[in-house]
Amino acid sequence: PYYYYFLPRADLQAATPYGVPIFLALGLLVLYPTTIFFSEIRLASKSVWTTFLLHQVVNAVSMPFMLNAFITSKNWGSLILSPTNDSILMSLLMGAVGYWMYQNRRKKAAQ
């Protein structure tokens with residue numbers, strides 16, 4: 001929703017090959033695995049600021065590359081593999097790390 005309301009439509013359309021509605025729908029789908037990761041980071045650090053700063057670093061590193069056309073996504077391959085956190089691979093990687101952190105936290109709590 002942030003991208004939809006605050007970025008110019010031309011910039012948003014230039015950053016995705018599959019259209020704005022599909023981009024937003026996929027953004028909501030990849031949100032769930034990344035939520036696991038960010039939630040576990042928040043619980044491990046006992047501070048919301050760690051999660052806030054990590055999220056800002058991810059956006060600060062990836063979005064300028066996309067908006068300034070250093071990274072272009074002219075095909076559907078960017079949906080799977082992209083350095084931004086809206087790609088399926090990055091989302092699954094963050095979800096896997098978050099799930100691993102969750103399992104470790106549960107083991108420590110059980111002991």
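Asks: Would you mind showing me how to read helix H3 (residues 20–45) here?
Replies: Residues lying three or four places apart along an α-helix face the same way, a consequence of the helix completing one turn every 3.6 residues. For H3, built from 26 residues, the straight-helix expectation of 38 Å at 1.5 Å per residue is met to within 8% by its first-to-last C-alpha distance of 35 Å. The principal kink in H3, of about 35°, is found at tyrosine 32, preceding the proline proline 33 by one to four residues. Regarding H3, the residues found buried are Val20, Phe23, Leu26, Val30, Pro33, Thr34, Phe37, Phe38, Glu40 and Ile41. Note on H3: the residue one or two positions beyond its end, lysine 46, has a positive phi of about 60°.

Asks: Help me understand the packing of H3 against helix H6 (residues 88–110), please; the structure alone is not making it clear to me.
Replies: To describe two helices that pack against each other, one gives the angle between their axes and the distance between the axes. Relative to each other, H3 and H6 sit at 40°, their axes nearing to 7 Å. In this view, H3 runs oblique relative to H6, as classed from their interaxial angle. Along this stretch, H3 crosses H6, giving a crossing that reads as left-handed. Two secondary-structure elements touch here, H3 through Val30, Pro33, Thr34, Ile36, Phe37, Glu40, Ile41, Leu43 and Ala44 and H6 through Ile88, Ser91, Met94, Gly95, Val97, Gly98, Tyr99, Met101, Tyr102 and Arg105.

Asks: Looking at this model, I keep getting lost on the packing of aromatic side chains. Mind explaining?
Replies: Each aromatic ring pair is summarised here by two numbers: the centre-to-centre distance and the angle between the ring planes. Tallied over the full model, the rule gives three aromatic pairs. When the ring of tyrosine 99 is compared with that of tyrosine 102, the centres are 6.2 Å apart and the planes differ by 35°; the resulting orientation is tilted. Here tyrosine 102 and tyrosine 99 lie together in helix H6, a separation of three residues that amounts to about one turn. Overall, the relative accessible area of 48% leaves tyrosine 99 in the partly exposed class.

Asks: Sorry, what's going on with unusual backbone geometry here?
Replies: Outside of glycine, negative phi angles account for most residues, and trans bonds account for most peptide bonds. Of note in the backbone geometry, lysine 46 takes a positive phi value of approximately 60° without being a glycine. Mapped onto the secondary structure, lysine 46 falls in the loop between H3 and helix H4 (48–67). The exposed category is assigned to lysine 46, whose relative accessible area is 69%.

Asks: Is there a simple way to explain the environment of valine 48 in this structure?
Replies: Inspection of the secondary structure puts valine 48 in helix H4. The exposure class assigned to valine 48 is exposed, which follows from its relative accessible area of 53%. With 10 residues separating them in the primary sequence, valine 48 and phenylalanine 38 have C-alpha atoms 9.5 Å apart.

Parameters and conventions
- Here the residue index of a chain counts from 1 through its sequence in written order.
- Given that the model is predicted, a residue must reach a pLDDT of at least 70 before its local features are reported, and side-chain atom pairs must reach 80 or more before they are shown or counted; all residues, however, enter totals for whole chains, interfaces and linings.
- Excluded from the side-chain calculations are hydrogens and water; all other atoms, namely the structure's heavy atoms, are used.
- Numbering of helices and strands starts at the N terminus; helices are DSSP runs of H or I of at least 4 residues and strands are runs of E of at least 2.
- By definition here, a helix of n residues has an expected span of 1.5 Å times n minus one.
- Fitting one axis to the seven residues ending at a residue and another to the seven starting there, the bend at that residue is the angle between the two axes.
- Relative accessible area decides the class of each residue, using a 1.4 Å probe on protein chains only: under 20% of the type maximum gives buried, over 50% gives exposed, and in between gives partly exposed.
- Where helices are involved, their axes are fitted lines through C-alpha atoms of the stretch in contact, as for all axes, and angles between N-to-C directions lie from 0 to 180°.
- Roughly parallel covers angles under 35 degrees, roughly antiparallel covers those over 145, roughly perpendicular covers 65 to 115, and oblique covers all other angles.
- Each crossing gets its handedness from the near helix: less than a right angle anticlockwise from the far helix is left-handed, clockwise is right-handed.
- Residue contacts are defined here by distance: any two heavy atoms, one from each residue, within 4.5 Å place the two residues in contact.
- Think of it this way: a Phe, Tyr or Trp ring, Trp meaning its six-membered ring, pairs with another when their centres are within 6.5 Å, and the plane angle makes it stacked under 30 degrees, edge-to-face over 60, tilted otherwise.

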